[in-house]
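Structure assessment
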Amino acid sequence: MGDECCNSGCKPCLLDPDDGDIPDLLNYIDGEFTTAASEEWLNDLSPVTGMRIARVPNSNEDDIDAAVTAARSALPEWAAFSREERATWLDKIADALEVRSEEVAQLESLDTGKPITLARSVDAARSIANFRFFAEQVREFTPETFEMTNATNHVIYKPVGVAGLITPWNLPLYLLSWKVAPALAMGNTVVAKPSELTPMTASLLAEIIDDVGLPAGVFNLVHGTGINAGSALTSHHDVDLISFTGGTATGAAVAASAASNFKKLSLELGGKNATIVCADADLDATIPGVVRAGFLNQGQVCLCGSRILIEESIYDEFVGKFLTAVNDMPVGDPSDPDTTLGALVSSDHLEKVMSYITLSQEEGGRILAGGNKPEGIPEQFANGNWLSPTVIEGLSPESRCATEEIFGPVVTLHPFADEEEALAIANATDYGLAGSVWTRDLEKGKRIAEGIDTGMVWVNTWLHRDLRTPFGGVKHSGVGREGGRWSLSFYSHAVNICLYDE
Ligand code: TXE
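Let's shift gears to the nonpolar core. Judged by nonpolar contacts, the single largest core of 95 residues is most densely connected at Phe219, Leu303, Phe318 and Phe322. When residues are assigned to domains, this core turns out to be shared by domain 1 (61-269 + 478-495) and domain 2 (274-465), each giving three or more. Ignoring anything within four residues of it in the chain, the contact list for Leu303 reads Asn273, Leu433, Ala434, Met456, Trp458, Trp462, Leu463 and Phe471. Ile64, Ala67, Val68 and Val191 belong to the second largest nonpolar core, which has 20 residues in total.

Right, here's the structure in full:
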């Protein structure tokens, strides 16, 4: 491969003349690893060096069609398995993933630029947990019966059919497994299209699924861009369901495309989540929690608390302590176990985040921390996508920087006078995914939480997840709920059978 660019339309990349050993990732269709029908490739670039680290098939509608055909033919056999049998398959996948969990963490850190410690504790651990959790859920799943005086209603749950699963780059295997596990558990077959920016762990999952011997066609993987492979999947006439996680603008395109044949649809989109810090909060516990909520995964989590609302009586004290904690975060080499913040996923994404920092100046914001490349980044990482954790104050709560999703290590600070004003600011955005409230008074915390227009709110914690609970947003943050029984319900059709018995 050496020094030639693939010219596949992706961002110009740095090609290492010695990269002849970089892997070519493959599609997995009907139990076979294959290249794209077009035989074209995309470059997968390292977020920390800008160098090519792999090539992925630039798949198109022919590859999607082959995968959907395979998934359709595998459906009757897979759907006929008992729930217990399918749960056993999920456990086998979880076991095999567990054996390779360090590899999952290493690949995820390499592909996304996130710190290795985070990739181990969150990405690898949660991907395994997702398979185990849905194995357990489907084993315990008890369909309902409803008695009438002269009849009994039996609700049965049928698979929806062929499930198209489209996932983003911020939590690649974590989010893919969150969809694959319940889809398979309920008897659907799958065509997965991971982000072209972070394809590595999806390929590892395909390898594992092949190793454990899941019947051919039950799980299929097609790599490629959203515009080619992704839109071919959402518009395919023989796909019955789409579960999508990604940006809000893309979500709107996916919804329009999926509507053509009334596919069942779940959209998990962006967020602009408020973190509300009340004057009575225990600041020793609150500061680390608010820092984590703002900056985990370089702020590239849809749940991140990127707008921090602080009761005005403690504003100065909070900001002083918060800035100390933010400036103390080690940024740099993701493979260093002490690193807290790594690189952003791509140069395009860094450019988008930087454009908001520039905009914040035009909107009257003051940068209190960050806003630039961190100091001390080693020479070999000079072409990486680096940004120091950035804190901005002085912006109107209605400004674009305070209401649009930036999706990077950037938070804005806003004082509030009372609960009413806190809620008005929290709800002054088109997004409605999550939020958190920090107070010693749990009654007050619950009351404020109830007033926030989002799908999830934490009080005195953030991203503390019980997988049984509903996950999803309102307004422009998405449609539908996944998690626990909500996932089992989304990945199935409930059918009522009424037995009349006079
Ligand atoms: O995501 P996209 P991008 C937000 C964040 C970010 C913005 C854009 O604000 O800046 O979205 O990020 C596939 N039909 N989030 O551009 O485009 C694509 O190939 C079908 C929030 O990376 O939404 C990838 O597999 N599929 C988010 C997936 O959609 C299409 C996480 C997500 O890509 C497609 C990531 C199309 N027309 C970004 N176009 C979250 N909710 O966590 C693209 N794709």
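There is more to say, and it comes next.
Using the criterion set out here, one finds three cavities of 30 Å³ or more in the structure. Roughly 180 Å³ of internal volume is contained in the largest cavity. Forming the walls of the largest cavity are 22 residues, and the residues nearest its centre are Leu175, Trp178, Thr245, Glu268 and Phe471. Looking at the lining of the largest cavity, the elements with two or more residues in it are α5 (172-185) and β11 (264-268). Here the lining of the largest cavity takes four residues from α5, the largest share from any one element. Tallied by class, residues from the lining of the largest cavity come to 11 nonpolar, five polar and six charged. Residues from two domains meet in the lining of the largest cavity; each of domain 1 (61-269 + 478-495) and domain 2 (274-465) gives at least three. Reported here for the second largest cavity is a volume of approximately 80 Å³. Looking at the second largest cavity, the residues that line it are Gly271, Lys272, Gly299, Val301, Cys302, Cys304, Ser306, Glu405, Ile406, Phe407, Gly408 and Val410.

With that settled, the discussion passes to the sheet that holds strand β18 (residues 435-438). An order of β14-β15-β16-β13-β12-β18-β19 is seen for the seven strands of this open sheet, with the pairing classed as mixed. In this open sheet, the two strands that pair with only one neighbour each are β14 (366-369) and β19 (458-459).

A few words now on a nonpolar patch on the surface. Side chains of Ile156, Ile497 and Leu499 sit close together on the surface and give an oily, nonpolar patch of about 230 Å² of accessible area. Counting through the fold element by element, Ile497 comes out in strand β22 (residues 492-500). Among the residues examined, Ile497 registers a relative accessible area of 36% and is labelled partly exposed.

Moving on, we come to the site of the ligand. The ligand sits among 27 residues. The nearest are Trp169, Lys193, Gly247, Lys352 and Glu405. Within the backbone of Gly247, an N or O atom sits 2.7 Å from an oxygen atom of the ligand. Residue contributions to the shell around the ligand peak at three residues, all from helix α7 (residues 226-234). Its residues assigned to classes, the shell around the ligand shows nine nonpolar, 13 polar and five charged.

Here Arg100 is to be found in the loop between α2 (83-99) and α3 (101-112). In this structure Arg100 comes out as buried when scored by relative accessible area, which is 19%. Considered as a pair, Arg100 and Gly483 are 383 residues apart in the sequence and their alpha carbons are 25 Å apart. Non-local contacts of Arg100, meaning those with residues more than four positions away in its chain, are made with Leu204, Glu207, Ile208 and Asp211. Only 2.9 Å separates the side chain of Arg100 from the side chain of Glu103, close enough to count as a polar contact. Polar side-chain contacts of Arg100 include one of 2.8 Å to the side chain of Glu207.

Another aspect to go through is the packing of aromatic side chains. Here the structure, examined in full by the defined rule, presents 10 aromatic pairs. Ring centres of Tyr28 and Phe219 lie 6.5 Å apart, and the angle between their planes is 35°; this geometry places the pair in the tilted category. In this pair, Tyr28 is assigned in strand β1 (residues 27-29) and Phe219 in strand β9 (residues 219-221), connecting sequence segments 191 residues apart. The pair Tyr28 / Phe219 is uniform in exposure class, with both members buried. Relative to Tyr157, the ring of Phe141 has its centre 5.0 Å away and its plane inclined at 75°; by these criteria the two rings are edge-to-face. Of this pair, Phe141 sits in the loop between α4 (116-140) and β5 (145-147) while Tyr157 sits in strand β6 (residues 151-159), and the two are 16 residues apart along the sequence. An aromatic cluster of at least three residues, connected via ring pairs, comprises Tyr28, Phe33 and Phe219.

Turning our eyes to something else, we now look at helix α1 (residues 61-80). Residues that lie three or four places apart on an α-helix share one face, since the helix turns once every 3.6 residues. The terminal C-alpha atoms of α1 lie 29 Å apart, and with 20 residues this matches the ideal 28 Å at 1.5 Å per residue to within 8%. The axis of α1 is deflected most strongly, by about 40°, at Ala74, and proline Pro76 appears within four residues downstream. Considered for burial, the residues of α1 that qualify are Asp63, Ile64, Ala67, Val68, Ala70, Ala71, Ala74, Leu75 and Trp78. You can read the cap of α1 off the contacts: a side-chain oxygen lies 2.8 Å from the backbone nitrogen of Asp62, and it is on Asn60.

Reading guide: rules and limits
- Residues numbered from 1 in each chain as written.
- Predicted model: local features only at pLDDT ≥ 70, side-chain atom pairs only at ≥ 80, totals over all residues.
- Heavy atoms only, no water.
- Core = buried A, V, L, I, M, F, W, Y, C linked by side-chain atoms within 4.5 Å.
- Buried < 20%, exposed > 50% of the residue type's maximum accessible area, 1.4 Å probe, protein only.
- Domains from an automatic or database assignment.
- Contact = heavy atoms within 4.5 Å.
- 1 Å grid on protein atoms, 1.4 Å probe; cavity = no way out; pocket = protein on both sides within 12 Å on 5 of 7 lines; lining within 4 Å.
- Points joined across faces, edges and corners; volume = space filled by probe spheres on them.
- Helix = DSSP H or I, 4+ residues; strand = E, 2+ residues; numbered from the N terminus.
- Nonpolar A, V, L, I, M, F, W, Y, C, P; charged D, E, K, R; others polar.
- Pairing = 2+ DSSP bridges.
- Patch = residues over 30% accessible without salt bridge, like charges linked within 9 Å, V, L, I, M, F, W, Y side chains within 5 Å.
- Areas by Shrake-Rupley, 256 points an atom, 1.4 Å probe, with all protein chains shown as cover.
- Salt bridge = Lys/Arg side-chain N within 4 Å of Asp/Glu carboxyl O.
- Near = heavy atom within 4 Å.
- Polar contact = N/O pair within 3.5 Å; in protein donor to acceptor, adjacent residues only side chain to side chain.
- Phe/Tyr/Trp six-rings, centres within 6.5 Å; stacked < 30°, edge-to-face > 60°.
- Expected span 1.5 Å × (residues − 1).
- Bend = angle between axes of the 7 residues up to and from the residue.

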